[in-house]
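Close look at the chain arrangement
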Amino acid sequence: MPVKYLGWLVEIIYQDQSGKITKRRIQIKSIRSGMIKADDLLSGQPRTFRESGLLAWHPIKTAEKGA
């Protein structure tokens, strides 16, 4: 995931280490060394995702981002 998405709201399809696939809406806080730190918008909790586990992602259009 490109660093340009820092601070953006993004919808992801993610596969965890056990093979479970989930769809989440997150706000990216940092991307470093293959790890993405973000706030999960559904639970409101901070989460960490492995970049290698991302199957798909796209930014969520919001007024703040001009989309």
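As a starting point, this report considers the structure included with it. Just so we're clear, the structure is a prediction, and the values are computed from it rather than from any experiment. (Residues numbered from 1 in each chain as written. Predicted model: local features only at pLDDT ≥ 70, side-chain atom pairs only at ≥ 80, totals over all residues. Heavy atoms only, no water.)

**Notes on the nonpolar core**
Here is the rule: In this description, a nonpolar core means a group of buried Ala, Val, Leu, Ile, Met, Phe, Trp, Tyr and Cys residues linked to one another through side-chain atoms lying within 4.5 Å. Any residue under 20% of the maximum accessible area for its type is buried, any over 50% is exposed, and the rest in between are partly exposed; the area is computed with a 1.4 Å probe on protein chains only. Note on conventions: DSSP H or I runs of at least 4 residues are helices, E runs of at least 2 residues are strands, and numbering of each starts at the N terminus. Contacts were defined at the residue level, with two residues in contact if any of their heavy atoms lie within 4.5 Å.
In terms of nonpolar packing, the biggest core is built from 11 residues, these being Y5, V10, I12, Y14, I26, I28, I31, I36, A38, F49 and L54. Sorting the residues of this core by element identifies β1 (9-15), β2 (21-32) and β3 (35-40) as the ones contributing at least two each. Apart from residues no more than four positions distant in its own chain, F49 is found in contact with I12, Y14, R24, I26, G34, M35, I36 and A38.

**Focus on the pattern of salt bridges**
Filter applied, for reference: What makes a salt bridge here is a side-chain nitrogen of Lys or Arg within 4 Å of a carboxyl oxygen of Asp or Glu, nothing more.
Enumeration over the complete set of coordinates arrives at three salt bridges. We note a salt bridge from R24 to D40, for which the minimum N-O separation is 2.6 Å. Separated by 16 residues along the polypeptide, R24 in strand β2 and D40 in strand β3 bring together distant segments of the chain. When its relative accessible area of 24% is taken as the criterion, R24 is described as partly exposed. Across the pair K29 and D39 runs a salt bridge, and its minimum N-O distance is 3.4 Å. With K29 in strand β2 and D39 in strand β3, this residue pair connects regions lying 10 residues apart in the sequence. For K29, a relative accessible area of 46% gives the class partly exposed.

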